[in-house]
Amino acid sequence: MSSDLHSRAEASSRNEALQITIDAAEAAMRAMKLTKDPNEKVKHSTLFKQLLQEAEEIKFSKDWRATSVNAVTTNPQNRAIAVSELKEPQSTRVLPSSEKILLLKASYLNNVKFPPWTTPPAPHEFQLTDGGDLFTDAQELFLSDFQEDVLDDWKRPSEALPPPSWFPGDRTNLGPSMSFARKIDLVQDAATDCSVVASLCAGVARAERGHSKILRTVLYPYDNENNRPLMSNNGKYVVRLNFNGCYRRILIDDRLPVSNTGRVIHVVDRHNPGLLWPALIEKAYLKVQGGYDFPGSNSATDLWILTGWIPEQVFLQSDDLDPDHFWKRILNAFSIGDVLITMGTGKMTAKTERELGLAGEHDYAVLDLREVDGQRLLLIKNPWCEGTSWRGKTKQKSHVNAQPNADLAELSLIDFGENATPLESSRDLLNADDQLSPGTFWMDLDNVIQYFESIYLNWNPGLFTYRQDLHFSWDLSKANNELISSRGSSASLVRHPQFAVTAGGGGNVWVLLWRHFRNCIPSGATDQDIAEGRYTIDLQGHIALAAFTSRGRRLLLPEKQVEQGWFVDSPQTLLKLSDCKPGVVHTIVPLEQDLADAEHTFTLSIFSDIPVTLTEAGPRSRYSSTLSAAWTKDTAGGNAHSPTYPSNPQFVIVVPQRTSLCILLETRDEDLNVHVKLVHSKGQRVQAVRNRDIVFDSREYRKACCIAESPEVESGRYTVICSTFEANQLGDFSLTIESSQPTQVVQLPKEGAGRLKMELSVATFGGDCSKIAAPVVPKRLVNLYAIARQLDVASRRGASAGSLLRMSIESGRGPRRRIHIASNEGEYADCIGGVRTDDIDLSPEMLRRGESLWIVLDRMYTSTDAREERFAVELFLDQPDALACGVWRTWDD
């Protein structure tokens, strides 16, 4: 059939191309009637309908030649003919010494060194020397308790394959082989590595569809001439796997764990039980993971390690999923061999598993995709040896068969006749094929979306022309947390690695973050486990990637991202940037949730069809300084409407010249909602804040951290106020100041620091009283300032606002009245926050001149209802017993 299509592409006229297409359709119809294989019947029916459509396009299309050529390259059955093998791009970024050292350190895992891959091993490495022993790996792979119970021994392939329990009698002419005579059918049995076996099944299915074999770059020795692995003479094999930042060399021997029961511990081919190479690749992978007691992964991770194909996890329950677009995307790529597909289920009850024939939290391989009679079908394989098949029903979609053009109508009726049986083309007909292996079944996309949790796609890296790799560490250990910041969704990005990706032209950029494997001691490990080196791979936590447009500069808060991926518990996460504009710089930020408190290493890989530059993100500002402080029981004043707001920690910022200014406030406690404000104050503590005094602030209170910033601040001395939303919320925090010009930041002493506090009697306003005063008598020269705060604020919540208040120190009355100092430069202010005077010197000399001194409180009603109000007044003196104060009384000027 493919030769007919190629002839059509070479046709000299429209009529010739049309006739070739019609002849091909007739041949497909005849083949459909002759075959009894339901699988083949569906195949020929689909081709027949497609050829009818193409005949219509050739007849009426203006560019009939393009239609003929496209038929060759877009028909799924012919794409392999037209598509050549794509070459995997290599990173062109020159690694600094620090990154080379990081890769070398990442070579050590499970007490084994896995060095970076350099060149394929030489053939002599696999030769058995005269009188030499077969190679035996010094590293013993651990087994689970169950596997240990059924283990007979570790045996060479001649004794291990085919599995002895499958052929218990005479094993003459049986034995291991790298070749196969029947279709490969890989299964797992007594191992929990369904993701690994599903990955191998997906790779085998791709090769069986006629695409290039990925295996030739994975397992050595390899026969390039015959395109298959070779048996090693000395029992040594070398496997090339992709993890911890690069391709690495894994050395194994050929011994396999053999069971003393009917169970098989390693992967095995049901149709070719002597096939060796799958068990060797599995063993190499499990050596990296620590042993056959591997708890499982997901197939996207496994295929990334086995093949280097780019992993993508698609969450089927996401509202962003468009099934139609998704199907077209994977069908086109799958047909030309540029994507490997596996799937995973979520948690299921035992009852649901029995009803559906699916296993919960289990990985499946996708062997084929087809679209038949409007149904989008996937051929799915359960890798379990005794795995069940789906028992559900296909969701039928109503559809109407399009009628061909009248001139071609007779073609659609060829040999049917009035009594012809309509062709069944449903998923159920395909599943009736008795050639399907146990556990293999067709399922429509709608049911896949309903019953599976994720689809894993691994993309051919050869789809991209350019690649850049950057390797980095991220220290999340508590010992490295010298500064005070939280870790979580509300935390700042200050301690996050950040990178700048610059597109050299318009196009697509894929960003892959892959977390390096590191060992940790498993929970419940015994001293013996630790002594034996029985470690596990750290899989704790989730990672994600976010992209921002910030001109390649570092960011402080995870806000206004242009793209962000899902948080995943996989070691890899992919972020796709579509239609990047030339010269636009994206800042890429790794995100984490609940990673272990340790130093982690990662690799960031950029795949693109346009040139890109990958660097560390640049600093936001030239100058930066950080201070640590705390809200204590004396300084946790709450928000600006709290009467104790002025007691909050305050800092003076000295700005010698005009500068940009960014203030970041952070705390470890995510339960604290925080705020920062910059005010005009000549660098002194602020007692009350008026709107006109505010230079800028962080607006709303925010969990764990907040930012206040301005592109331009004039020279001067300013005060920063750091607050929590509620009063009496205690906690440590850090304050970071970033600026384009040098600045100085110092914490101001807390209210009353270095002073002696003198509490006056409660000042009470009667209902119709607006001014009260108390006499002050200095005994010697004393410096002081006064603070007045309203009492009973809590009881007034919900009532009308309190009065505006002014406090002053005065002498004389009437024409001789003199105001020495007043709060808020003599203006009334909101009394809820309290009012404060500046410092003033008082001395007995003032009294000797015949002047009496008074502290005066003057209120202005803010409602029509005058009420009784009480105030606490405190004096802060620079020396003891230097002042006397009388009782409060009504005051008239």
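Everything below is about the structure shown above.
What counts, and where the lines are drawn
- Residues numbered from 1 in each chain as written.
- Predicted model: local features only at pLDDT ≥ 70, side-chain atom pairs only at ≥ 80, totals over all residues.
- Heavy atoms only, no water.
- Pairing = 2+ DSSP bridges.
- Helix = DSSP H or I, 4+ residues; strand = E, 2+ residues; numbered from the N terminus.
- Buried < 20%, exposed > 50% of the residue type's maximum accessible area, 1.4 Å probe, protein only.
- Arc of directions from axis to C-beta.
- Contact = heavy atoms within 4.5 Å.
- 1 Å grid on protein atoms, 1.4 Å probe; cavity = no way out; pocket = protein on both sides within 12 Å on 5 of 7 lines; lining within 4 Å.
- Points joined across faces, edges and corners; volume = space filled by probe spheres on them.
- Nonpolar A, V, L, I, M, F, W, Y, C, P; charged D, E, K, R; others polar.
- Expected span 1.5 Å × (residues − 1).
- Axes fitted to C-alpha atoms, helices over the stretch in contact; angles between N-to-C directions.
- Parallel < 35°, antiparallel > 145°, perpendicular 65-115°, else oblique.
- Left-handed = near helix turned anticlockwise from the far one by under 90°.

(A) Here's a closer look at the sheet that holds strand β9 (residues 246–253). Spatially, β5-β8-β9 is the arrangement adopted by the 3 strands of the open sheet, whose pairing is antiparallel. Lying at the two open borders of the sheet, with one neighbouring strand each, are β5 (219–220) and β9. Of the strand pairs in this sheet, β5 and strand β8 (residues 236–243) are connected by 2 bridges, and their pairing is antiparallel. Across the sheet, residue Y220 finds its bridge partner in β8, namely V238.

(B) Highlighting helix α6 (residues 97–105). Regarding α6, the residues found buried are E99, L102 and L103. Down the axis of α6, the smallest arc covering the buried residues is 95°, so these residues share one side. For α6, the exposed residues set more than 90 degrees away from the buried face come down to S97, S98 and K105. Those residues of α6 that are buried lie in contact with β9, β18 (466–475) and β27 (599–608).

(C) Representation of the layout of surface pockets within the structure. In this structure, the second largest pocket encloses a volume near 1,200 Å³. The wall of the second largest pocket is formed by 47 residues, among which P295, G296, S297, N298 and L539 lie closest to the centre. Broken down by secondary-structure element, the contributors of at least two residues to the lining of the second largest pocket are β12 (310–315), β17 (454–459) and β22 (536–537). Per-class residue counts for the lining of the second largest pocket are 17 nonpolar, 21 polar and 9 charged.

(D) Region of the structure containing helix α9 (residues 194–208). Helix length check: α9 (15 residues) gives 21 Å between terminal C-alpha atoms against 21 Å at 1.5 Å per residue, within 8%. All of the buried residues in α9 are C194, S195, V196, V197, A198, S199, L200, C201, A202, V204, A205 and R206. Its buried side turned inward, α9 meets β4 (186–187), α10 (277–289), α11 (299–307), β13 (339–344), β14 (363–372) and β15 (375–381). Where α9 terminates, the next one or two residues include G210, which has phi positive at roughly 95°.

(E) Representation of the packing of α9 against α10. Direction vectors running N to C along α9 and α10 enclose 135°, while the axes themselves pass 11 Å from each other. Our classification of the angle between α9 and α10 gives oblique. Along this stretch, α9 crosses α10, giving a crossing that reads as right-handed. Together, V196, V197, L200 and V204 of α9 and W277, P278, I281, E282 and Y285 of α10 make up the contact between the two elements. Residue classes in the contact of α9 with α10 are distributed as 8 nonpolar, no polar and 1 charged.

(F) Just the pairing of strand β42 (residues 782–790), in detail. Taken across its 9 residues, β42 has 9 buried, putting it largely inside the fold. Strand direction decides the pairing type here: β42 and strand β49 (residues 869–877), joined by 7 bridges, are antiparallel. Bridge assignment links A786 to a residue of β49, and that residue is L875. Where β42 lies against strand β46 (residues 835–836), 2 bridges are found, and the strand directions are antiparallel. Across the sheet, A788 pairs through a bridge with V835, a residue of β46.

(G) Region of the structure containing empty space enclosed by the protein. Enumeration according to the criterion identifies 7 cavities of 30 Å³ or more in this entry. Lining of the second largest cavity is provided by A160, P163, P164, S165, P257, V258, S259, T261, R263, V264, I265 and H266. The element best represented in the lining of the second largest cavity is strand β10 (residues 256–259), accounting for 3 residues.

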